[in-house]
Amino acid sequence: MTEGAHDDSLQPNNLARWRGATALVTGASSGIGRAIAWALAVRGVRVVATARRSERLDNLVSRVRAEHPDADIHAYTCDLLAAGAIDQMFSDLSRRFGGMDILINNAGHGRGAALIDGEVDDWRNMLDLNVLALSHCTQRAVAGLVARGVPGHIVHIASMASHRVPRGGGMYAATKHAVRALTEGLRQELRARDLPIRVTAISPGFVETEFAEVATGSTKKARETYARYPCLKSEDVAGAVCYALGVPQHMQVHDILIRPTAQPD
Ligand SMILES: NC(=O)c1ccc[n+]([C@@H]2O[C@H](COP(=O)([O-])OP(=O)(O)OC[C@H]3O[C@@H](n4cnc5c(N)ncnc54)[C@H](OP(=O)(O)O)[C@@H]3O)[C@@H](O)[C@H]2O)c1
């Protein structure tokens, strides 16, 4: 390259390289996952949106297709915690679409389960979904990429709770600290095998979604949580995912921390 020449392909946020690739987005029936599925589909990536609530997924697919008739987006109903469901999903998707190039590990939840007197079942549920289902999906996605010999990208939706412990959220933070460790652990294994697969964590602070209602079991408490200051929008997080996917292959975005400007902790 001559001195002073500008290589435009080095400009980030360019999803052209993923046009025609297939992305599996977990937890796509609401909030952050829905926004990511939408953002990728309208940028030319084929999207498989998965979650348990099939009517929500169908609504997403029909709305995206109505606004963007060229979008290639599909729904796949799956409870990631049901026995055998993850293996079944990857087998079905491989038959139907020939494999996943991008995996967005977004499905996750918090439960108001204190360490001193919280419900052990709530701890288990968070660990099962936020850590084990994410790891199982990752293993299946990487196996498919290796078998096909193609580049891929795994994105974990982590949290600011991967980096600090929010008050009362000890077990949730433990699951999200685990996601941070799993990001670096996967990166090391991918490098050791010299695979053309990248891994990225995105670590948001408060995002206004159904998360707080699921965590507290109360619409009122959820409203109060999100009324304290302007929170992030799901689309803000989707933008960070697009950025990480769009950077050139020689560059790996490891983790993006994003807080609402007004979030104090
Ligand atoms: N909102 C925040 O402030 C915030 C901040 C940092 C990180 N995060 C992380 O962002 C991710 C998405 O959360 P969100 O805020 O968008 O919350 P959300 O609106 O409650 O979305 C959670 C998604 O997970 C899916 N899900 C839950 N259990 C599932 C299961 N057993 N099988 C398959 N899918 C399941 C839900 O779909 P169904 O109920 O239809 O299955 C839903 O689509 C989570 O990993 C969360 O920890 C959120």
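A. Just the overall build of the chain, in detail. The number of helices and strands found in the chain is 8 helices and 7 strands. For 265 residues, the compact-globule formula gives about 18 Å, and the C-alpha radius of gyration of the chain, at 18 Å, lands near that figure. Buried residues in the chain amount to 47% of all 265 residues. Across the chain, every contact between residues at least 6 apart in sequence was considered, and the portion connecting residues at least 24 apart equals 70%. Counting every atom, the chain has about 12,900 Å² of accessible surface; 51% of that belongs to carbon and sulfur. Side-chain charges in the chain split into 30 positive and 28 negative, and the spacing between the mean points of these groups amounts to 1 Å.

B. Broad picture of the site of the ligand. The local shell around the ligand holds 29 residues, among which Ser29, Ser30, Arg52, Tyr172 and Thr209 are the closest. One of the side-chain nitrogen or oxygen atoms of serine 29 is found 2.8 Å away from an oxygen atom of the ligand. Here an oxygen atom of the ligand and a backbone polar atom of glutamate 210 are 3.3 Å apart. Burial of the ligand by the protein chains amounts to 96% of its free accessible area of 880 Å². Secondary-structure elements contributing two or more residues to the shell around the ligand are helix H1 (31–41) and helix H5 (170–192).

C. View of the pairing of strand E2 (residues 46–51). Across the 6 residues of E2, 5 count as buried, placing the element largely inside the fold. Where strand E1 (residues 22–26) meets E2, 5 bridges bridge the pair, whose relative direction is parallel. Residue leucine 24 lies in a different strand from E2, and its bridge partner there is valine 48. Relative to strand E3 (residues 73–77), E2 is paired through 5 bridges, and the arrangement is parallel. Bridge pairing links valine 47 to isoleucine 73 in E3. Traced from E2 through helix H2 (residues 54–67) to E3, the parallel crossover comes out right-handed.

D. Molecular detail of the packing of aromatic side chains. Evaluated as defined, the whole model comprises 1 aromatic pair. When the ring centre of phenylalanine 206 is taken as reference, the NZ or CZ atom of arginine 228 above it lies at 4.8 Å.

E. View of the environment of leucine 132. With respect to the element layout, leucine 132 can be found in helix H4 (residues 120–148). Separated by 51 residues in sequence, leucine 132 and leucine 81 place their C-alpha atoms 9.2 Å apart.

F. Spotlight on the packing of H1 against helix H8 (residues 234–246). Where H1 contacts H8, the axes come no closer than 8 Å and their chain directions differ by 50°. The angle between H1 and H8 places the two elements in the oblique class. Seen from above, H1 lies across H8 with right-handed handedness. Each of Gly31, Ile32, Ala35, Ile36, Ala39 and Leu40 in H1 lies in contact with H8, whose residues at this interface are Ser234, Glu235, Val237, Ala238, Val241, Cys242 and Leu245. Residue composition of the contact of H1 with H8, grouped by class: 10 nonpolar, 2 polar and 1 charged.

Procedures and definitions
- Residues numbered from 1 in each chain as written.
- Predicted model: local features only at pLDDT ≥ 70, side-chain atom pairs only at ≥ 80, totals over all residues.
- Heavy atoms only, no water.
- Helix = DSSP H or I, 4+ residues; strand = E, 2+ residues; numbered from the N terminus.
- Rg over C-alpha atoms; globule rule 2.2 N^0.38 Å.
- Buried < 20%, exposed > 50% of the residue type's maximum accessible area, 1.4 Å probe, protein only.
- Contact = heavy atoms within 4.5 Å.
- Areas by Shrake-Rupley, 256 points an atom, 1.4 Å probe, with all protein chains shown as cover.
- Lys, Arg positive; Asp, Glu negative; His and termini not counted.
- Charge placed at Lys NZ, Arg CZ, Asp CG, Glu CD.
- Near = heavy atom within 4 Å.
- Polar contact = N/O pair within 3.5 Å; in protein donor to acceptor, adjacent residues only side chain to side chain.
- Pairing = 2+ DSSP bridges.
- Right-handed = clockwise from strand over helix to strand, strands pointing away.
- Phe/Tyr/Trp six-rings, centres within 6.5 Å; stacked < 30°, edge-to-face > 60°.
- Lys NZ or Arg CZ within 6 Å of the ring centre and 35° of its normal.
- Axes fitted to C-alpha atoms, helices over the stretch in contact; angles between N-to-C directions.
- Parallel < 35°, antiparallel > 145°, perpendicular 65-115°, else oblique.
- Left-handed = near helix turned anticlockwise from the far one by under 90°.
- Nonpolar A, V, L, I, M, F, W, Y, C, P; charged D, E, K, R; others polar.

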